[in-house]
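What follows is the residue order along each chain.
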Amino acid sequence: MPNTPLSSHNQFDNKSQAWSARFSEPVSELVKRYTASVNFDQRMAHFDIQGSLAHADMLASIGIISAQDLTEIQRGMGQITQEIEAGQFNWSLDLEDVHLNIEKRLVELIGDAGKRLHTGRSRNDQVATDIRLWLRHEVDTSSNLLRILRHKLAQLALQHADTIMPGFTHLQVAQPITFGHHLLAYAEMFGRDAERLADCRRRINRLPLGAAALAGTSYPIDRERVARTLAFDSVCRNSLDAVSDRDFAIEFCAAAALIMMHISRLSEELVLWMNPRIGFIDLADRFCTGSSIMPQKKNPDVPELARGKTGRVYGHLTALLTLMKGQPLAYNKDNQEDKEGLFDAADTIRDTLTIFADMIGGIQVNADAMRAAALQGYATATDLADYLVKKGVPFRDAHETVALAVRHCETQQCDLADLTLATLQSFHALIDTDVFEVLTLEGSVAARRHIGGTAPERVRIEAQCILDEKQSND
Ligand code: ARG
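Note that this is a predicted model, so its numbers are computed, not measured.

Chemist: How should the confidence of the model for the protein chain be read in this particular structure?
Modeler: Detailed reading of predicted coordinates is not advised where the pLDDT is low. Mean pLDDT for the protein chain: 94, with 95% of residues reaching 70 or above. Low pLDDT (under 50) marks residues 1-9, which in the prediction has 8 contacts with non-local residues, meaning those over four places away or in another chain.

Shown next as C-alpha cells:
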C-alpha cells in the first residue's frame, strides 16, 4: 500500500520499529534496551559485512540483483567499514542489532540497491553466519597462541632438562623428576587443547546462510558459491538446524573451559613454587604486584587471576548448554543470549594465553632450591627397591626392605644416600657399592629414558620435537 499513510511506517523509518509496519505502538524504552543486542554484537560488524558482501555477490551471480547494485553495495560497505574503523559509525539502539544498523546505513548511503541486499536472507541465517565467521577467527588466534605457549614451555624445558626437582603425588615428595619434564607435561595438555580447537573448527566452518528465516528460500540461491567466498568448508545441510543450533559455540566453550582448567593447574603450581618456603621459581615483576600495607610482599597476581577466571569460562559453558536445552526448532530469540558469554570465553582464553606465553618465557628458576627439596623425603626409595628387584628380590620384599631403611633414616635424620654400605647391607645382603649410582638424584632420573620418562636425554628429544613442529594452525 505505497500511497496510504502507513507508508510512513516504512522499514528504517526511525519513528517506527526497525523491522516492520505491522506494529501500532512502539516498545517501551526498557523493552527496547532489553531486546537490543547492538551494544555487544557490534563487535561482529566486520564479519557481518563480509557475509553481506558474499551474499550480494551470489545474488548478482544468479541475476537477482544487478551488477550495478552489487557495485553500489560494495562501495557502501566500503564506506561503512571505514566509518566503523574510524569510530564514526552511529550505532543506534532503535535499530536493535548490528545487522539492522549496518543495513540501515547502507540504505542511507546507496538507496534502493541497499534495500535489495536482504533478498533471500533473514537475520536468523545472517547472525548464525556472523558468529561462525567471528568464532573461526578467534579459534585461529587462540590456536596460534597455544602453539607459542608450547614453544615457550619447550624452550624452558630444554634449558632445564637437567634441573632436578621433587615430583609429587598427594603433594608429598614421590620421586625425583626433571623440571623440564614437568614443564613438558603442560606442553602436552596445551597440545591436546589445540587439537580440540582444530576439531571444533571443522564444525564451526559450515555455512548457515541460505537457510533464511528457517525454511530456506524460493530464490535459486547458490550456497556453494557463498561458502567458497567465505572460505567455509561446506554448507549446513538443514535450514532448521542451521539457524537454531549453537552446538559449535558450546563445543568451543568446552574447549575453552579445558584450556582454562589446564591454565589453572599451572597457575596453582606457579603460586606454590613462588611461595618463599618453596622458592622454586620467581616470576618477573611485571606479572606480580605488591601490597599496600606489607612492604615485603610480591604477589603472583597473574596466575591467581587466571585461576579465578577459569570459573567464569566454566560458567559460560554451562550457560550456553542451558540456553540451548529447552529450545524447540527453529530460531528463538533466546539465541541472542549466546553472544556475551561466548565473546567473554574467547576474550578470556586469548588474553590469558597471551600473558602466559610471555610469563613462562621469563620464569627465573632456583635450581638449588629444587635440588634441596628433592633430597628431602627419600625420593630415590623406589630406585633402591628397583635395584633389589634387578638383583632377583621379589618386588614386595624389596619394598618392605626399603621401607625399613627409610624408617632408619628418619630416626637418624639422614638421606638414603648418606647411609654407609655396611648399614645398607644390614637391610639386605645383596646391596653392593653400585647401589650409590641409583641412590643419587641424577642416577634416578637418567634411568627413566624411555618414551614419556623424565630423563634429561628424553626431555631434550621431546622438547626439540615441539620446537620443530610446523607453524600451521591445523
Ligand atoms: N540479534 C539477533 C540474535 O542475535 C539476530 C537475529 C534476530 N532474528 C529475529 N528474528 N529476531 O540472535
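Chemist: Looking at this model, I keep getting lost on the environment of D57. Mind explaining?
Modeler: Position of D57 relative to the elements: it lies in helix α3 (residues 45-61). Along the backbone, D57 and R225 are 168 residues apart, and their C-alpha atoms lie at a distance of 8.9 Å. The residues contacting D57, other than those within four sequence positions of it, are L70, R225 and T229.

Chemist: Mind showing me how you'd approach the packing of helix α7 (residues 123-159) against helix α8 (residues 179-204) here?
Modeler: Packed helices, taken two at a time, are described by their axes: the angle between them and the distance between them. As a packed pair, α7 and α8 sit with axes 9 Å apart at the nearest point and diverge in direction by 165°. The orientation of α7 with respect to α8, classified from their angle, is roughly antiparallel. The handedness of the crossing between α7 and α8 comes out as left-handed. Residue classes in the contact of α7 with α8 are distributed as 17 nonpolar, 4 polar and 7 charged.

Chemist: What should I look at first to understand a nonpolar patch on the surface in this one?
Modeler: Taken together, the side chains of L214, L240 and L329 present a nonpolar region at the surface, about 270 Å² in accessible area. For L329, a relative accessible area of 62% translates into the label exposed.

Chemist: Help me understand the site of the ligand in this model?
Modeler: Around the ligand, the neighbouring residues are S37, D41, D97, H99, R123, N124, V127, Y331, Q336 and K339. Here Q336 contributes a side-chain N or O atom positioned 2.8 Å from a nitrogen atom of the ligand. Here K339 contributes a side-chain N or O atom positioned 2.5 Å from an oxygen atom of the ligand. Against a free-state accessible area of 340 Å², the protein chains account for coverage of 85% of the ligand. In terms of residue count, α7 provides more of the shell around the ligand than any other element does, 3 residues in total. Of the residues that constitute the shell around the ligand, the class distribution is 2 nonpolar, 4 polar and 4 charged.

The rules behind each value
- Residues numbered from 1 in each chain as written.
- Predicted model: local features only at pLDDT ≥ 70, side-chain atom pairs only at ≥ 80, totals over all residues.
- Heavy atoms only, no water.
- pLDDT = per-residue confidence, 0-100.
- Contact = heavy atoms within 4.5 Å.
- Helix = DSSP H or I, 4+ residues; strand = E, 2+ residues; numbered from the N terminus.
- Axes fitted to C-alpha atoms, helices over the stretch in contact; angles between N-to-C directions.
- Parallel < 35°, antiparallel > 145°, perpendicular 65-115°, else oblique.
- Left-handed = near helix turned anticlockwise from the far one by under 90°.
- Nonpolar A, V, L, I, M, F, W, Y, C, P; charged D, E, K, R; others polar.
- Patch = residues over 30% accessible without salt bridge, like charges linked within 9 Å, V, L, I, M, F, W, Y side chains within 5 Å.
- Areas by Shrake-Rupley, 256 points an atom, 1.4 Å probe, with all protein chains shown as cover.
- Salt bridge = Lys/Arg side-chain N within 4 Å of Asp/Glu carboxyl O.
- Buried < 20%, exposed > 50% of the residue type's maximum accessible area, 1.4 Å probe, protein only.
- Near = heavy atom within 4 Å.
- Polar contact = N/O pair within 3.5 Å; in protein donor to acceptor, adjacent residues only side chain to side chain.

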